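Architecture and fold: a report
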Amino acid sequence: MLDVGRHPKINVLAYSEVVDFNGEIGNFNVKVRRKPRYIDASRCTACGACAEKCPTKVPNEFNFGFDDRKAIYKDYAQGIPSVFTIDPDHCKVILGGKCGVCQKVCQAKAVDYEQKESFVDLNVASVIVSTGYELFDATQIPEYGYGRMPNVISSLEMERLLSAGGPTRGHLSRPSVIYGEKRLKELPKLIKKAEKDQKEDQKQILEQEMKRIEEQVHKYHTAKKLAFIQCVGSRDFRFHKYCSNYCCMHSIKEAIIAREHEHETESYIFYMDLRTVGKGFEEYKVRGAEVSGLKYIRGRVAEILQDEEMNPVVYYEDTEKRQVVGMTFDMVILANACSPSKGIRNISELLGLELDENQFVRTSPNNPLDTNVPGIFSCGCAQGPLDIPESVAQASSAAARAAEVVMTEGLPIAV
Amino acid sequence: MKNSAQDDVRVGVFICDCGSNIAGYLEMKELVEFAKTLPNVAFVQENLYTCSEGGINEIKVAIPRENLNRVVVASCTPRTHEPLFMSACEEAGLNPYLFEMANIRDQCSWVHMREREAGTNRAKVQIAMAVAKAAKLRELNRIQLSLSHRAMVIGGGVAGMSAALALANMGYEVDLVEKRDRLGGILNDLNMILPTHEPPDKLVNNLVGRLQDHPKVAIHTGAVVTKTEGYVGNYVATIQHNDTENKIKCGAVIVAIGAQPLKPEGLYNYDGNKVITHIELESKLKLGDVQAKNISIIQCVGSRSKERTYCSRICCMTAVKNAILFKEASPDTKITIFYRDMQMYGVENEELFRKSKRLGVRYVTYDPDRPPRFDGESVSVYHLRMGRDMIVPTDLLVLSTPLVAQDDASEISTMLKVPINENGFFLEGHVKLKPLDFATDGVYLCGNARFPSTIREAISQGLGAASRAAGVLSKEALFTSGIVADINPDTCCGCLGCVAVCPYGAINFIENRGVCQVNKVLCKGCGGCAATCPSGSARLDGFSNQQIYAQIEQAMAV
Ligand SMILES: Cc1cc2nc3c(=O)[nH]c(=O)nc-3n(C[C@H](O)[C@H](O)[C@H](O)COP(=O)(O)OP(=O)(O)OC[C@H]3O[C@@H](n4cnc5c(N)ncnc54)[C@H](O)[C@@H]3O)c2cc1C
Ligand SMILES: Cc1cc2nc3c(=O)[nH]c(=O)nc-3n(C[C@H](O)[C@H](O)[C@H](O)COP(=O)(O)OP(=O)(O)OC[C@H]3O[C@@H](n4cnc5c(N)ncnc54)[C@H](O)[C@@H]3O)c2cc1C
Ligand code: SF4
Ligand code: SF4
Ligand code: SF4
Ligand code: SF4
Ligand code: SF4
């Protein structure tokens with residue numbers, strides 16, 4: 001990322017989208033809308049002084065709401081381009097109110113509340129579509145309880161929890177505890193208010209809640225017994241028929257990392273087939289069992305319920321023991337499928353691209369990077385689920401195809 | 001502070017506030033005053049943001065005005081900002097290697113946010129260390145080299161052919177060297193390809209035709225590369241064809257030598273007749289020479305085991321493919337696949353998997369601790385999911401064996417000085433981020449030589465390797481970094497310690513003189529050799545012992 005940001009021949013247009021497109025191979029005209037950041041990117045040094053002082057807190061979507069960010073923010077420290085952005089839906093000034101704190105503290109004079117969107121016209125010989133994927137929305141599978149039960153989380157939420165730079169600094173706190181701690185901060189104020197308003201009933205209810213949460217938080221701080229549920233939304237006729245390619249490996253990875261953080265962690269991975277087809281993957285899986293004590297259980301999970309202490313209980317058919325069993329966990333992590341990105345429809349219409357039946361950009365086995373439009377190529381998860389090494393390899397291939405365009409007018413590699 | 005000033009050295013120190021990131025937690029005025037007291041320091045300035053346009057300008061103006069011949073910036077991390085400050089020096093006419101950085105943000109203000117005094121003292125030490133080293137810096141130069149814009153691809157399978165064609169289409173001359181007498185690799189031995197449902201000849205002929213017609217491609221079939229000399233941009237390769245030897249120059253090399261299916265000698269009574277491998281099955285199918293009615297296929301024969309730990313990625317899809325082809329040709333053929341996990345990853349494979357089940361292919365999970373047995377008539381196995389033994393009459397047993405490294409992989413690895421892993425597959429520079437590069441510049445890899453792959457993946461990787469190679473070939477000249485190692489031939493004892501540690505294959509042993517020599521084009525300045533060399537002959541420019549001792553002295557002085 002750093003190399004991309006620094007390369008003299010790469011012009012990064014972040015926080016931007018393609019709004020108009022025409023032309024043909026060798027000569028495409030692209031109009032790009034640059035959304036206003038309300039920050040002069042050429043001045044901002046990403047020092048963060050503004051965010052420190054900004055009074056407006058917003059749930060941090062980058063960390064799935066596990067913590068808060070400010071109305072002036074940057075997703076994470078290493079992000080490229082290294083610039084802060086004002087969130088127009090929450091900044092007091094942009095919403096017409098009073099504040100202006102960030103402008104005052106910014107010594108680089110980068111804050112500009114008047115900034116408007118702008119448009120950039122590009123003329124390019126070829127285009128690469130690498131718009132990636134989206135996480136499958138697991139609320140579509142009600143029997144897994146995602147969205148209803150705090151301690152059933154998605155794979156990406158797990159990544160944030162495990163990240164040293166994440167909301168818990170890598171500590172595997174139970175989400176019920178994270179939310180509970182947040183609530184505990186609010187409760188004393190609410191109780192005081194109830195007291196002042198002489199609402200004795202309400203006060204009692206709040207006090208009970210406080211006591212209950214305190215116990216919860218105390219008792220279950222760290223999640224130590226974890227269940228990973230594979231193929232959530234993948235290999236499932238109701239949703240995606242395909243296999244999402246990388247989720248077996250990321251569950252194993254997450255389970256191994258969880259164990260590295262906390263030695264008492266016990267992880268169970270519920271799977272149909274463990275797909276360990278990459279270089280070193282099978283070895284990684286075996287090491288997961290031998291060194292990190294992961295338990296691999298062949299069986300599809302039927303249902304997840306929750307006991308009164310907010311522990312998820314996983315019901316599954318153990319196909320090797322041939323019986324339906326229930327097991328209680330501290331936390332359940334779903335291996336959400338790799339879904340096509342929602343924006344791909346819009347992009348494909350603008351560019352005239354064909355999508356396949358799954359809504360990924362259509363390519364073919366003999367011409368793995370070529371789309372139906374000569375001069376437009378696609379790589380990475382935009383054309384189907386792929387892990388990082390395959391995506392990176394494809395990115396180089398797409399670059400090769402784009403470079404060939406100049407010489408060959410985009411003849412496919414094999415017809 | 002022990003060391004005294006050197007006469008002609010004038011160090012300029014620029015101390016960055018980083019907005020409030022540094023200035024908010026450290027006593028900046030104290031740092032400025034402290035820097036002024038250091039030996040050789042001629043000028044000190046505090047900047048709000050040294051990296052901003054204004055800050056950079058202040059450096060550029062101060063160099064000539066204050067007659068500075070060394071620059072120190074005390075700010076953030078060199079990882080992100082060193083190149084910027086070095087080019088500021090260069091633009092002001094100062095050799096960029098006369099620059100040194102002190103990281104007083106990440107290592108001082110950030111980690112000592114609540115300890116103002118301690119953080120400030122720590123920053124003083126960092127600045128003193130940087131100034132002391134700066135005083136000892138010498139000018140270093142990047143050497144410019146010319147290069148050949150030609151490429152050589154070793155291996156003419158689908159991966160190598162795709163790479164060669166892409167490079168030629170980009171305008172580079174390519175030599176494609178294939179050991180067998182025809183291009184196409186393993187595809188020549190296959191019967192039918194899925195998911196395209198095409199005979200392999202179609203794809204092969206198409207690629208071969210385009211290569212043959214291409215004016216920029218020289219095809220050498222029945223040929224091998226026996227020797228390569230040189231380094232990125234300037235290789236000389238010897239290609240041997242029958243009794244003739246041919247020397248070619250090239251700037252980049254792509255390794256695409258593929259892999260070979262394992263012959264399962266001694267397993268399941270393998271005889272090449274009733275018990276065969278998939279590659280043998282495909283040859284038989286091509287000849288229309290299979291009559292079996294009860295076919296059993298066993299997965300993971302010789303793979304995912306103690307002696308061969310990896311999963312070979314493509315044998316599950318191959319088994320499913322052949323099962324589908326059988327079922328399509330004669331629906332009442334009974335086919336049973338004994339497996340551990342069906343590796344039908346992704347969109348296309350999973351689709352094939354479903355199709356095979358629709359066609360009635362039977363799948364039986366087995367436990368690797370209780371593998372299937374074959375007695376010549378039937379396969380018996382403990383069925384994991386049903387929890388009992390089962391017997392499957394079998395008149396043809398197909399073994400799904402993994403792809404294993406080519407026999408000459410290790411020779412090629414030695415010849416090009418690029419690594420192979422414990423299974424003999426070539427080892428990329430970084431498994432996630434550089435899948436098609438070797439750590440050594442100028443050599444790239446793709447296809448089954450890297451790891452078993454489908455045709456789609458092999459084509460994609462071939463194109464990708466071409467793109468990586470073009471990154472070198474498209475340069476007008478190559479530059480070495482200034483920070484490179486050097487070995488003193490007078491004291492080098494030829495122990496080869498440095499050769500063993502260099503991760504980039506940058507050190508050569510000069511046999512007739514019995515000493516080692518650094519190839520400055522390949523050297524990345526990691527310092528491994530300098531730290532290893534027992535006779536102190538290897539040293540790294542920009543990190544000499546004197547420079548580092550000067551820093552250590554300052555660190556110890558406080
Ligand atoms: C929980 C989890 C863990 C994983 N762990 C691993 C791992 O350990 N190892 C591994 O190899 N793989 C892992 N993967 C897989 C990995 O995430 C993917 O292989 C990789 O991100 C694919 O890269 P991509 O560039 O194709 O797509 P993405 O990463 O999705 O990037 C697409 C980019 O395009 C942008 N974009 C989308 N639409 C538009 C538009 N219309 N205009 C402009 N920009 C747009 C998006 O904002 C995004 O930045 C993991 C996946 C998940 C879900
Ligand atoms: C039984 C079987 C069935 C398969 N079926 C399918 C399928 O249906 N669909 C699919 O997508 N994939 C299939 N595959 C996988 C596919 O065949 C490979 O992915 C693909 O052929 C790999 O191409 P490659 O160029 O990397 O290697 P190869 O095809 O092995 O080519 C390597 C070439 O390098 C040459 N070589 C080796 N050493 C040297 C040397 N020292 N000097 C010069 N040349 C050298 C070899 O002679 C060979 O020509 C199948 C594989 C097998 C084994
Ligand atoms: S806007 Fe100003 S205060 Fe905020 S990060 Fe950028 S430079 Fe710093
Ligand atoms: S003006 Fe907006 S972004 Fe700036 S400090 Fe106030 S609320 Fe935060
Ligand atoms: S990679 Fe694994 S978890 Fe993901 S869909 Fe495929 S089989 Fe299921
Ligand atoms: S691809 Fe299938 S048969 Fe081949 S090693 Fe992997 S699991 Fe075994
Ligand atoms: S400094 Fe590192 S890269 Fe350079 S020759 Fe020595 S060991 Fe090799």
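Since this is a predicted model, take the numbers as computed values, not measurements.

The rules we used
- Residues numbered from 1 in each chain as written.
- Chains lettered and ligands numbered in written order.
- Predicted model: local features only at pLDDT ≥ 70, side-chain atom pairs only at ≥ 80, totals over all residues.
- Heavy atoms only, no water.
- Helix = DSSP H or I, 4+ residues; strand = E, 2+ residues; numbered from the N terminus.
- Buried < 20%, exposed > 50% of the residue type's maximum accessible area, 1.4 Å probe, protein only.
- Pairing = 2+ DSSP bridges.
- Domains from an automatic or database assignment.
- Contact = heavy atoms within 4.5 Å.
- Buried area = accessible area lost by both parts, 1.4 Å probe.
- Salt bridge = Lys/Arg side-chain N within 4 Å of Asp/Glu carboxyl O.
- Polar contact = N/O pair within 3.5 Å; in protein donor to acceptor, adjacent residues only side chain to side chain.
- Nonpolar A, V, L, I, M, F, W, Y, C, P; charged D, E, K, R; others polar.
- Axes fitted to C-alpha atoms, helices over the stretch in contact; angles between N-to-C directions.
- Near = heavy atom within 4 Å.
- Patch = residues over 30% accessible without salt bridge, like charges linked within 9 Å, V, L, I, M, F, W, Y side chains within 5 Å.
- Areas by Shrake-Rupley, 256 points an atom, 1.4 Å probe, with all protein chains shown as cover.
- Arc of directions from axis to C-beta.
- Parallel < 35°, antiparallel > 145°, perpendicular 65-115°, else oblique.
- Left-handed = near helix turned anticlockwise from the far one by under 90°.
- Phe/Tyr/Trp six-rings, centres within 6.5 Å; stacked < 30°, edge-to-face > 60°.
- Lys NZ or Arg CZ within 6 Å of the ring centre and 35° of its normal.

Further remarks concern unusual backbone geometry. Cis geometry marks the peptide bond from A:I80 to A:P81; its omega dihedral reads -5°. With respect to the element layout, A:P81 can be found in the loop between β5 (72-73) and β6 (85-86). The step from B:L194 to B:P195 runs through a cis peptide bond, and the omega angle for that step is 5°. Within the fold, B:P195 resides in the loop between β7 (174-178) and α7 (200-213). With phi around 50°, A:R235 is a residue other than glycine that occupies positive phi space. With respect to the helices, strands and loops of the structure, A:R235 is situated in the loop between β11 (225-232) and α7 (247-261). Taking relative accessible area as the criterion, A:R235 reaches 13% and is therefore assigned buried.

Taken together, the six bridges between strand β19 (residues 378-383) of chain B and strand β20 (residues 388-393) of chain B define a ladder with antiparallel strand orientation. Residue pairing in the sheet places B:Y382 in a bridge with B:D389 of β20(B).

The next subject is the domain arrangement of chain A. How big an interface is tends to be expressed through the accessible area that disappears when the partners come together. All names here are of chain A. Segmentation of chain A into domains returns domain 1 (2-35 + 117-130 + 342-407), domain 2 (135-170 + 221-339) and domain 3 (175-218). For domain 2 versus domain 3, the distance between C-alpha centres works out to 32 Å. Listed as interface residues are nine residues of domain 2 and, on the opposing side, nine residues of domain 3. Across the interface of domain 2 and domain 3, roughly 640 Å² is buried in total on both sides, 63% from carbon and sulfur atoms. Contact with domain 3 buries surface across domain 2, with P150, N151 and H221 losing the most and accounting together for 59% of the total. There are zero salt bridges connecting domain 2 and domain 3. Here domain 2 is connected to domain 3 by two residue pairs in polar contact (both at pLDDT 80 or more). The residue inventory of the side of domain 2 that touches domain 3, partitioned by class, reads five nonpolar, three polar and one charged.

A word on the sheet that holds strand β13 (residues 295-298) of chain A. All names here are of chain A. Reading across from one edge, β10-β17-β11-β12-β13 is the order of the five strands in this open sheet, with parallel pairing throughout. Among the strands making up the open sheet, the edge pair consists of β10 (152-154) and β13. Direction aside, neighbouring strands of the sheet carry axes that sit 25° apart on average. Here strand β12 (residues 266-271) pairs with β13 via four bridges, running parallel. Its bridge partner lying in β13, I269 is registered against Y296. In the packing of α7 onto the sheet, contacts are made with β11, β12, β13 and β17 (331-336), and the angle to β11 comes to roughly 170°.

On to the site of ligand 5, then. Within the structure, ligand 5 sits among A:Q230, A:C231, A:S234, A:R235, A:C243, A:S244, A:N245, A:C247, A:C248, A:D273 and A:R275. Its residues assigned to classes, the shell around ligand 5 comprises four nonpolar, four polar and three charged.

We now examine the environment of B:K475. Along the chain, B:K475 turns up in the loop between α12 (455-473) and β24 (478-479). The residues touching B:K475, leaving out its near neighbours within four places in the chain, are B:L147 and B:H149.

Okay, a nonpolar patch on the surface next. Residue and element names in this part refer to chain B. Among the surface-exposed residues, F543, I548, Y549, I552 and M556 lie close enough to one another that they form a single nonpolar patch of about 510 Å² accessible area. Note on placement: F543 falls in the loop between β28 (538-540) and α15 (545-557). Assessed through its relative accessible area of 38%, F543 is described here as partly exposed.

Residue and element names in this part refer to chain B. When we look at burial in helix α1 (residues 28-37), the residues that qualify are M28, L31, V32, F34 and A35. Down the axis of α1, the buried set is contained in an arc of 165°. They therefore lie on one face. With respect to the buried face of α1, the exposed residues turned more than 90 degrees away are K29 and T37. Its buried side turned inward, α1 meets β1 (11-16), β2 (41-47) and α5 (116-136).

Turning our attention to the interface of chain A and chain B. Facing the 62 residues of chain A at the interface are 70 residues of chain B. Of the roughly 5,400 Å² buried at the junction of chain A and chain B (both faces included), carbon and sulfur atoms supply 54%. Linking chain A with chain B are five salt bridges, by the criterion used here. We note a salt bridge from B:E428 to A:K279, for which the minimum N-O separation is 2.6 Å.

So, on to the domain arrangement of chain B. Residues and elements named next belong to chain B. Along its sequence, chain B is organised into domain 1 (11-140), domain 2 (151-258 + 406-473), domain 3 (263-400) and domain 4 (480-541). One C-alpha centre belongs to domain 2, the other to domain 3; they are set 31 Å apart. Counting residues at the interface gives 19 residues for domain 2, matched by 20 residues for domain 3. With both sides pooled, the region where domain 2 packs onto domain 3 buries about 1,700 Å², and carbon together with sulfur makes up 59% of that total. Among the residues of domain 2 in contact with domain 3, N191, L194 and P452 are the three that bury the most area, contributing 31% of the side total.

Before going further, it helps to spend a moment on the packing of helix α5 (residues 175-196) of chain A against helix α6 (residues 200-219) of chain A. Residue and element names in this part refer to chain A. Two elements in contact, α5 and α6, have axes whose closest approach is 9 Å; the angle formed by their N-to-C orientations is 155°. It follows from the interaxial angle that α5 and α6 lie roughly antiparallel. Judged by the sense of rotation from one axis to the other, the crossing of α5 with α6 is left-handed. Contacts between α5 and α6 involve S176, V177, G180, E181, R183, L184, L187, P188, L190, I191, A194 and E195 from the former and K203, L206, E207, E209, M210, I213, E214, Q216 and V217 from the latter. For the contact of α5 with α6, a count of residues per class yields eleven nonpolar, three polar and seven charged.

This part covers the pairing of strand β27 (residues 515-518) of chain B. Consecutive side chains of a regular strand alternate in pointing toward one face of the sheet and then the other. Residues and elements named next belong to chain B. Bridging between strand β26 (residues 507-510) and β27 involves four bridges; their strand directions are antiparallel. Across the sheet, I507 pairs through a bridge with V518, a residue of β27. Where β26 hands over to β27, the hairpin turn is made up of four residues, of which G514 adopts a positive phi near 65°.

All names here are of chain B. An order of β8-β7-β6-β12-β23 is seen for the five strands of this open sheet, with the pairing classed as parallel. At either margin of the open sheet sits one strand with a lone partner, and together these are β8 (217-221) and β23 (443-445). Going across the sheet, the axis of each strand differs from the next one's by a mean of 20°, ignoring polarity.

Per the stated rule, a full pass over the model turns up 60 salt bridges over all chains. Close ionic contact of A:D121 with A:K31 constitutes a salt bridge, the shortest N to O distance being 3.1 Å. With A:D121 in strand β7 (residues 118-124) and A:K31 in strand β2 (residues 27-34), the pair connects residues that are 90 residues apart, well separated along the chain. The partly exposed category is assigned to A:K31, whose relative accessible area is 29%. A:K295 is paired through a salt bridge with A:E266; the nearest N and O atoms lie 3.7 Å apart. Placement of A:K295 in strand β13 and of A:E266 in strand β12 is noted, with a sequence separation of 29 residues between them. For A:E266, a relative accessible area of 30% gives the class partly exposed. Residues participating in the shared-partner salt-bridge network are B:R138, B:D486, B:K520, B:R539 and B:D541.

Our focus in this paragraph is the packing of aromatic side chains. Centre distance and the angle of the planes are the two values used to describe a pair of aromatic rings. On inspection of all chains with the given rule, the structure shows 17 aromatic pairs over all chains. With centroids separated by 5.4 Å and ring planes inclined at 85°, the aromatic side chains of B:Y310 and B:F425 adopt a geometry described as edge-to-face. Taken as a pair, B:Y310 in the loop between β15 (294-298) and α9 (315-329) and B:F425 in the loop between α11 (409-416) and β23 lie far apart in primary sequence, 115 residues in all. One exposure class covers both B:Y310 and B:F425, and it is buried. Put simply, the rings of A:Y268, A:F270, A:Y316 and A:F329 pair up and form one aromatic cluster. One Lys or Arg, A:K225, reaches over the ring of A:F329 and ends 5.2 Å from the middle of that ring. Seen from the ring of B:Y504, B:K524 lies directly overhead, with NZ or CZ sitting 5.5 Å from the centre.

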